[in-house]
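# Geometric and topological summary
If you want the building blocks of each chain, they are given just below.
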Amino acid sequence: MSRCPNYCGVTCVNGWCPNALADEYPEYGYIHCTCAECGYYKGCEDCCFADKPDYCSSKDKEKYQN
């Protein structure tokens, strides 16, 4: 699946981002990953830009939809 470069999902901003957890709690062994490797990616389903045409066009939605 190709990933949208403008994606910003719920886990990116709610504190559950794997990178944020790895930075905040190194004692728990969280591992950093790239955004492209993130298992929380859900495409348009949870993207905060999905309903904002200035940031996400219908063409983008077709291309990056799960």
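These numbers were taken from a predicted model, which means no experiment stands behind them. (Residues numbered from 1 in each chain as written. Predicted model: local features only at pLDDT ≥ 70, side-chain atom pairs only at ≥ 80, totals over all residues. Heavy atoms only, no water.)

What follows covers the layout of surface pockets. Taken as a whole, the largest pocket holds about 210 Å³ of empty space. For the lining of the largest pocket, the secondary-structure elements that each account for two or more residues are α1 (10-13) and α2 (18-24). Split by residue class, the lining of the largest pocket holds 11 nonpolar, three polar and one charged. (1 Å grid on protein atoms, 1.4 Å probe; cavity = no way out; pocket = protein on both sides within 12 Å on 5 of 7 lines; lining within 4 Å. Points joined across faces, edges and corners; volume = space filled by probe spheres on them. Helix = DSSP H or I, 4+ residues; strand = E, 2+ residues; numbered from the N terminus. Nonpolar A, V, L, I, M, F, W, Y, C, P; charged D, E, K, R; others polar.)

Taken together, the side chains of Y25, Y28 and Y30 present a nonpolar region at the surface, about 360 Å² in accessible area. Looking at the element boundaries, Y30 is found in the loop between α2 and α3 (58-64). Residue Y30 is classed as partly exposed on the basis of its relative accessible area of 39%. (Patch = residues over 30% accessible without salt bridge, like charges linked within 9 Å, V, L, I, M, F, W, Y side chains within 5 Å. Areas by Shrake-Rupley, 256 points an atom, 1.4 Å probe, with all protein chains shown as cover. Salt bridge = Lys/Arg side-chain N within 4 Å of Asp/Glu carboxyl O. Buried < 20%, exposed > 50% of the residue type's maximum accessible area, 1.4 Å probe, protein only.)

This structure, assessed with the given rule, holds four aromatic pairs. Connected via pairs of aromatic rings, a cluster forms that spans Y25, Y28 and Y30. (Phe/Tyr/Trp six-rings, centres within 6.5 Å; stacked < 30°, edge-to-face > 60°.)

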